[in-house]
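# Structural overview for review
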Amino acid sequence: MATLDTKLIDVIGDRTAKVLETGIGARSVGDLLRHYPRRYVVRGELSDISKLQPDDEVTILAQVFSVNTRTLQGRKGTILEVVVTDGTSKLSLTFFNQAWRERELRVGRQGLFAGKVSVFKGKRQLSHPDYELIADGSDVDSAIDEFAGKYLPVYPATGKLPSWKVAQCMTLAIDALDEVPDFLPDEIRFKHGYPTLKDALVGLHQPRDIAEADHARARLTFDEAFLLQLLLVVRREELHQLKSTARPVRAGGLLEAFDESLPFELTSGQRDVMAEIEVDLAASHPMHRLLQGEVGSGKTVLAIRAMLAVVDSGGQAALLAPTEVLAQQHLRTLETLLGSLAQGGMLGGAEHATQVTLITGSQNAPARKEALALAASGSAGIVIGTHALLGQSVVFADLGLIVIDEQHRFGVEQRDVLKAKAEFPPHLLVMTATPIPRTVAMTVFGDLDISTLRELPLGRQPITTHVLPAQEKPTFLDRAWSRIREEVAQGHQGYVVAPRISASAPEDADMDFLFGTTSAELTSVEELAPMLHAGPLAGLRVAMLHGQLATDVKNATMLAFSAGEIDVLVSTTVIEVGVDVPNATIMVIMDADRFGISQLHQLRGRIGRGTCPGLCLLVTNAPAETPARVRLDAVAASVDGFELSRIDLEQRREGDVLGVNQSGTRSHLRLLRVLRDESLIDLARSDAQELIASDATLSKFPELARELKILQTDEAADYIDMG
Ligand code: ADP
Ligand code: MG
């Protein structure tokens, strides 16, 4: 008898086993049984032929309607045309030089037909389809076992492996299968009323009815959620076992001085999160926290406070930013907010002062050398940087805290590179302004504690967003430019965002996943800026900003814009995250349909940061009612980043939802959909927590421990691949 680990060649012929291995990557019985059917066709219920689209790869159940053999004109050979029907619509099947098939494809027979739909002379057809006739009682010999059931599983078709071939192999594997040890603890299984693992596997491939298939699928989907949550809960437990230096808040230090100089009161949300962070820092195991907050909710202040607390206790903090523009801005913010507190060791520096330094890829050698020395000696309490911080030459004297701003740009591996620079596991604070639904966060960042900032600081003015269909009404664009002039006349500033740098450049590298195509028509910064300067925005101070400008030009431009010396910044998405110029009140986004929902929300988060209302205009050529326009309408209709990110995620493929952070576990998620299966993930989470609380090493559940090990190994292997 076979187990799940039995090699397929031991239960199935060599040739077929080979085909299964190359076709679906299945080597063991377990691999094969984990190849799940996509749906079922019900014997006697013919597939709706009218729904078939050209180029679809289909497997349909249909009935032979007519059979006809012709000889080819002027050539040798015959053509067999078989028309099949679902009772209403018809589809023709063509075979060249296979007249003998006429003997089995008799009128009235039902069968599964698989192939790619093509159109010939206006008619849909399958040429040389694979097919399997279904026993109709009159000829029992062709009745193959797996077709004895009423529900025929349909597997994703792969090349040489039509669905029924897979089904036949499934039958052989299932017939050979012994009892399967079930890794799911009985208690949990009983609680949810799930079938055993074996019953679930058999029930999914060979259901007696749809209820059984649903039941089986529910159990197997739960398994995926449960194992993943178990992995994350175990990892959190392991983190709790690590020793790190406690950094309790101390009176009379930098932090206190900073708080006193802060020009505003923290919101109550900020205070709550701050308390959570302070408790974490005071513990002797590393903090591991994700701070997600609406754009402009004031995360940076909290990060600064955490960094100062660590500096007060003698450690260093590293702040990792996704772009140079943002790293520079963080440096300026810190220097401004800290004032003389940031001038340690310098004339005029305050008593407890520290130093803040910057490490980026583009700085010159002397500047870099100085920054590296400050980090290595510990003189710099705060080290800000881009990914250049990950470089081998960057060493710290005592790295106590890592803050990662805008996490969605950094993978877990990069986190780990930074962590390795500390002697003891450092505290970690990850910040993101792209809030994600709780269950997605639990799945993607499940090893992090999560803090959420929902409210904006008091006095924030709302941002109004309008969609401007420029093609439908060309005057809309003129209106946009005159609105910019009005804002500038009132002493405000604005952004114009375009999807690419120059006419010849491809779209911004970071352009959204949704768009494979590039269009030569897209607005570019280098064309738009002079055009605006010469025309609609003549007389205003217009400047360009994009990633290909020299670093000092970028810096000077951002500085001038912050200082109010530039009225209108024409930019790519380099300003997408973090940029904070409260006097900017208007943003015009060209070809807005080229950006994703969350990206647009991020972009417009650059305005309305001060005390004046913001206006965001989304310019598009996308026709009304198209998905692109619907996305823009969604952005215009809501300023709730959580709601928008949900809409955004719902349009993505599962792999994109999980992102790079979960590439290792992704291959284990065959059935689970993190957005759809929220309540299931919740259940799985609490089951996993309960189980680990009662048996941290899973000593009583060896099968489960084994299953978990497989998942951990696959994840680790995946990190190595990416490294
Ligand atoms: P984000 O969460 O997007 O990173 P920031 O931390 O950049 O937001 O904060 C946005 C702006 O709000 C900054 O100018 C910051 O100084 C200001 N800010 C932060 N907290 C408060 C507060 N409690 N009251 C008023 N302004 C605040
Ligand atoms: Mg920020």
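Just above sits the structure.
Notes on the structure in this doc start here. Owing to the predicted nature of the structure, the values given are computational and were not obtained by experimental measurement.

Moving on to the overall build of the protein chain. What the protein chain contains, in helices and strands, is 23 helices and 21 strands. In terms of its C-alpha atoms, the protein chain occupies a principal-axis envelope of roughly 100 × 70 × 45 Å. Evaluated residue by residue, the protein chain yields a buried proportion of 54% over its 723 residues. Residue pairs at least 24 apart in sequence account for 73% of intrachain contacts in the protein chain once pairs closer than 6 positions are excluded. Looking at the protein chain as shown, the accessible area adds up to about 31700 Å², and 52% of this sits on carbon and sulfur atoms. Each charge sign in the protein chain was given a centre, from 73 positive and 96 negative side chains, and these centres are 5 Å apart.

Here asparagine 97, not a glycine, exhibits a phi torsion of approximately 50 degrees, which is positive. Along the polypeptide, asparagine 97 turns up in the loop between β4 (90-96) and β5 (110-120). Although it is not a glycine, leucine 698 adopts a positive phi angle of roughly 60 degrees. Structurally, leucine 698 is set in the loop between α22 (678-694) and α23 (702-722). On the basis of relative accessible area, leucine 698 is assigned to the buried category, the value being 4%.

In this section: the packing of helix α8 (residues 268-282) against helix α9 (residues 299-312). Packing of α8 against α9 leaves a shortest axis separation of 10 Å and a crossing angle of 30 degrees. As judged from the angle between their axes, α8 and α9 are roughly parallel. Judged by the sense of rotation from one axis to the other, the crossing of α8 with α9 is right-handed. Facing Gln270, Val273, Met274, Ile277, Glu278 and Leu281 of α8, the residues of α9 in contact are Val301, Leu302, Arg305, Ala306, Ala309 and Val310. Considering only residue class, the contact of α8 with α9 consists of 9 nonpolar, 1 polar and 2 charged.

So, about the sheet that holds strand β12 (residues 380-385). Read across the open sheet, the 7 strands follow the order β11-β12-β10-β13-β14-β9-β15; overall the sheet is parallel. Across the chains shown, the open sheet's two edge strands, defined by having one partner strand only, are β11 (355-359) and β15 (449-453). Taking the axes of each pair of neighbouring strands and ignoring which way they run, one obtains an average angle of 20 degrees across the sheet. Strand direction decides the pairing type here: strand β10 (residues 316-320) and strand β13 (residues 399-404), joined by 5 bridges, are parallel.

Considering all chains together, one arrives at 5 aromatic pairs under this definition. With a centroid separation of 6.1 Å and 35 degrees between ring planes, the pair formed by phenylalanine 113 and tyrosine 131 is classed as tilted. Of the two residues, phenylalanine 113 sits in strand β5 while tyrosine 131 sits in strand β7 (residues 130-133), which places them 18 residues apart along the sequence. Look at tyrosine 495 and phenylalanine 561: their rings are 5.1 Å apart centre to centre, the planes differ by 55 degrees, and that puts the pair in the tilted class. Of the two residues, tyrosine 495 sits in strand β17 (residues 493-497) while phenylalanine 561 sits in helix α16 (residues 551-562), which places them 66 residues apart along the sequence. In terms of burial, tyrosine 495 and phenylalanine 561 fall into one category: buried. By way of ring pairs, the aromatic residues Phe95, Phe113 and Tyr131 are connected into one cluster.

The end-to-end C-alpha distance of α9 is 20 Å, a good match for the 20 Å that 14 residues give at a rise of 1.5 Å each. Extensive coverage of α9 is indicated by the burial of 13 of its 14 residues.

Our focus in this paragraph is the environment of arginine 75. Relative to the helices and strands, arginine 75 is located in the loop between β2 (57-71) and β3 (78-85). With a relative accessible area of 59%, arginine 75 lands in the exposed category. Residues arginine 75 and glutamine 651 lie 576 residues apart in sequence; the distance between their C-alpha atoms is 51 Å.

Around ligand 1 sit 17 residues, and of these Glu265, Gly296, Lys299, Arg460 and Asp580 come closest. The contact in question runs from an oxygen atom of ligand 1 to an N or O atom on the backbone of threonine 300, over 2.9 Å. Residue aspartate 580 places a side-chain N or O atom 2.7 Å away from an oxygen atom belonging to ligand 1. Notes on ligand 1: free accessible area 560 Å², of which the protein chains cover 85%. In this structure, ligand 1 is accommodated by the second largest pocket. The biggest single contributor to the shell around ligand 1 is α9, with 3 residues. Its residues placed into classes, the shell around ligand 1 shows 5 nonpolar, 6 polar and 6 charged.

Inspection of every chain in the model, using the stated rule, returns 0 disulfides. This cysteine, cysteine 616, is not joined by any disulfide, and cysteine 612 carries the nearest cysteine sulfur, 17 Å off.

Secondary-structure assignment places leucine 644 in helix α19 (residues 641-650). For the pair leucine 644 and proline 366, spaced 278 residues apart in the sequence, the C-alpha separation amounts to 45 Å. When near neighbours in sequence (up to four residues on either side) are disregarded, leucine 644 contacts Ile597, His601, Arg604, Ala634, Val635 and Ser638.

Further remarks concern the layout of surface pockets. The gaps of empty space that remain are located by a probe, the size of a water molecule, rolled over the atoms. Each pocket or cavity is described by its volume, and for the largest pocket that value is around 1100 Å³. In terms of lining, the largest pocket is formed by 37 residues, of which the most central are Gly30, Asp31, Arg34, Tyr36 and Arg670. Those elements giving two or more residues to the lining of the largest pocket turn out to be α2 (29-33), α6 (210-241) and α23. One number sums up the size of the second largest pocket: a volume of about 940 Å³. Among the elements that make up the lining of the second largest pocket, the one with the highest residue count is helix α10 (residues 324-338) (6 residues). A class-by-class count of the residues in the lining of the second largest pocket yields 11 nonpolar, 14 polar and 9 charged.

This part takes up the environment of alanine 309. When you line up the elements, alanine 309 lands in helix α9. Leave out the neighbours within four places in its chain, and alanine 309 touches Val249, Leu255 and Leu281.

Moving on: the sheet that holds β17. With parallel pairing, the 6 strands of this open sheet are ordered in space as β16-β21-β20-β17-β19-β18. Pairing within the sheet leaves two strands with one partner each, and these edge strands are β16 (463-469) and β18 (542-545). Strand-to-strand twist across the sheet, computed as the mean angle between neighbouring axes with direction ignored, equals 20 degrees. Sheet topology places strand β20 (residues 584-589) next to strand β21 (residues 614-620); 4 bridges connect them, and they run parallel. Of the residues in β21, the one forming a bridge with isoleucine 586 is leucine 615.

Moving on, we come to the nonpolar core. Core analysis: the biggest nonpolar cluster contains 90 residues, and Leu32, Phe226 and Leu230 have the highest contact counts within it. The element that contributes the greatest number of residues to this core is α6, accounting for 13 residues. In this view, phenylalanine 226 contacts Leu184, Pro185, Ile188, Ala684, Asp687, Ala688, Leu691 and Leu704; residues no more than four positions away in its chain are not counted. The next biggest cluster of nonpolar side chains, apart from the first, holds 41 residues, and it includes Leu319, Leu326, Ala327 and Val403.

As for its placement among the helices and strands, serine 451 is situated in strand β15. With relative accessibility at 1%, the residue serine 451 sits in the buried group. Beyond its immediate sequence surroundings of up to four residues, serine 451 is in contact with Val273, Glu276, Arg289, Leu290, Leu291 and Gln292.

What counts, and at which threshold
Residues numbered from 1 in each chain as written. Chains lettered and ligands numbered in written order. Predicted model: local features only at pLDDT ≥ 70, side-chain atom pairs only at ≥ 80, totals over all residues. Heavy atoms only, no water. Helix = DSSP H or I, 4+ residues; strand = E, 2+ residues; numbered from the N terminus. Buried < 20%, exposed > 50% of the residue type's maximum accessible area, 1.4 Å probe, protein only. Contact = heavy atoms within 4.5 Å. Areas by Shrake-Rupley, 256 points an atom, 1.4 Å probe, with all protein chains shown as cover. Lys, Arg positive; Asp, Glu negative; His and termini not counted. Charge placed at Lys NZ, Arg CZ, Asp CG, Glu CD. Axes fitted to C-alpha atoms, helices over the stretch in contact; angles between N-to-C directions. Parallel < 35°, antiparallel > 145°, perpendicular 65-115°, else oblique. Left-handed = near helix turned anticlockwise from the far one by under 90°. Nonpolar A, V, L, I, M, F, W, Y, C, P; charged D, E, K, R; others polar. Pairing = 2+ DSSP bridges. Phe/Tyr/Trp six-rings, centres within 6.5 Å; stacked < 30°, edge-to-face > 60°. Expected span 1.5 Å × (residues − 1). Near = heavy atom within 4 Å. Polar contact = N/O pair within 3.5 Å; in protein donor to acceptor, adjacent residues only side chain to side chain. 1 Å grid on protein atoms, 1.4 Å probe; cavity = no way out; pocket = protein on both sides within 12 Å on 5 of 7 lines; lining within 4 Å. Sits in = over half its atoms within 2 Å of the grid points. Disulfide = S-S within 2.5 Å. Points joined across faces, edges and corners; volume = space filled by probe spheres on them. Core = buried A, V, L, I, M, F, W, Y, C linked by side-chain atoms within 4.5 Å.

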